[in-house]
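Observations on chain architecture
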Amino acid sequence: EPEVTQTPSHQVTQMGQEVILRCVPISNHLYFYWYRQILGQKVEFLVSFYNNEISEKSEIFDDQFSVERPDGSNFTLKIRSTKLEDSAMYFCASSESLAWTDTQYFGPGTRLTVL
Amino acid sequence: RKEVEQDPGPFNVPEGATVAFNCTYSNSASQSFFWYRQDCRKEPKLLMSVYSSGNEDGRFTAQLNRASQYISLLIRDSKLSDSATYLCVVNILPGFKTIFGAGTRLFVKA
């Protein structure tokens, strides 16, 4: 069964550093998403991406964050100048089309720890 | 008011019990609705979509009441493997944004 993959599974970084989280969505999917989940809290939407553009972003997704699809397979989330409060699990997801009705498939997540 | 609100839980039930989860949403622009389950420190996984007419998948039944902005999930004959956090999820248009509820934790005991 096709699946979304994410690397690394765990990233430790120093405050102020930049990190790039990587995702490989399911190959025929067209919509891509990033979410975060702070430990013990709910899953929070960050951004949706379609046709090489951001479709929607939340209030959390400020200038510190950016997304990119650098090639035909990877989808990345860059976090500049990381802060302690960026420590969370970051999930990538993808869906085939008509995103608002279609199932989103989630990757296993990257646990980001900012020290 | 929270955009998606769920029973706080946790629910502790014996095997074989029937358990119901409730969810309300505040944004009338909400277009589609789902129940996901999340095991500890794992990714959310789709349990079922929720349709206006209600839908059933084995032991699971989902209901949607748009007028009341209310969604429910019923689990019959609970199994130990049903122990997880159940997440109510709503997609909002225009644009595309997915809102998760905080989840309701279920513990099924032998």
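It should be noted that the structure appears before, not after, this text.
An account of the accompanying structure is given in this report. (Residues numbered from 1 in each chain as written. Chains lettered and ligands numbered in written order. Predicted model: local features only at pLDDT ≥ 70, side-chain atom pairs only at ≥ 80, totals over all residues. Heavy atoms only, no water.)

**Some thoughts on the interface of chain B and chain A**
Every contact between the two is made by 19 residues of chain B and, on the other side, 23 residues of chain A. Of the roughly 1,800 Å² buried between chain B and chain A on both sides combined, carbon and sulfur atoms contribute 60%. It is Arg41(B), Phe96(B) and Phe100(B) that lose the most area in chain B upon contact with chain A, and together they represent 34% of the buried surface on that side. Across the contact surface, chain B and chain A share one salt bridge. For the salt bridge of Lys97(B) with Glu59(A), the shortest nitrogen-to-oxygen distance reads 3.6 Å. Applying the counting rule to chain B against chain A returns four residue pairs in polar contact (both at pLDDT 80 or more). Of all the secondary structure elements, the ones that give two or more residues to the side of chain B that touches chain A are β4 (30-38) and β10 (97-100) of chain B. At four residues, the largest contribution of residues to the side of chain B that touches chain A is made by β4(B). (Contact = heavy atoms within 4.5 Å. Buried area = accessible area lost by both parts, 1.4 Å probe. Salt bridge = Lys/Arg side-chain N within 4 Å of Asp/Glu carboxyl O. Polar contact = N/O pair within 3.5 Å; in protein donor to acceptor, adjacent residues only side chain to side chain. Helix = DSSP H or I, 4+ residues; strand = E, 2+ residues; numbered from the N terminus.)

**Focus on the sheet that holds strand β8 (residues 70-75) of chain B**
Residue and element names in this part refer to chain B. Read across the sheet, five strands follow the order β1-β3-β8-β7-β6 without closing on themselves; strand pairing throughout is antiparallel. This sheet does not close on itself; its edge strands, each paired only once, are β1 (4-6) and β6 (55-57). When the angles between neighbouring strand axes are averaged without regard to direction, this sheet yields 15°. One ladder, built from six bridges, connects strand β3 (residues 19-25) with β8; its direction is antiparallel. When the sheet's bridge partners are listed, Cys23 is paired in β8 with Ile71. (Pairing = 2+ DSSP bridges. Axes fitted to C-alpha atoms, helices over the stretch in contact; angles between N-to-C directions.)

**What about the sheet that holds strand β3 (residues 19-24) of chain A?**
Residues and elements named next belong to chain A. On the basis of which strands lie adjacent, the open sheet formed by four strands has the order β1-β3-β8-β7 and antiparallel pairing. Each having just a single partner strand, β1 (5-7) and β7 (65-68) make up the two edges of the open sheet. Sheet twist, expressed as the average angle between the axes of neighbouring strands with direction ignored, equals 20°. Relative to strand β8 (residues 75-79), β3 runs antiparallel, the two sharing five bridges. The partner of Arg22 across the bridge, within β8, is Thr76.

**Section: the pairing of β8(A)**
Residues and elements named next belong to chain A. Most of β8 sits inside the fold, with four of its five residues counted as buried. Here β7 pairs with β8 via four bridges, running antiparallel. Pairing of Phe65 across the sheet is with Ile79, part of β8. Hairpin remark: β7 followed by β8, antiparallel, with six residues in the connecting loop. (Buried < 20%, exposed > 50% of the residue type's maximum accessible area, 1.4 Å probe, protein only.)

**Quick look at the environment of Lys2(B)**
Along the polypeptide, Lys2(B) turns up in the segment before β1. Along the backbone, Lys2(B) and Ile99(B) are 97 residues apart, and their C-alpha atoms lie at a distance of 10 Å.

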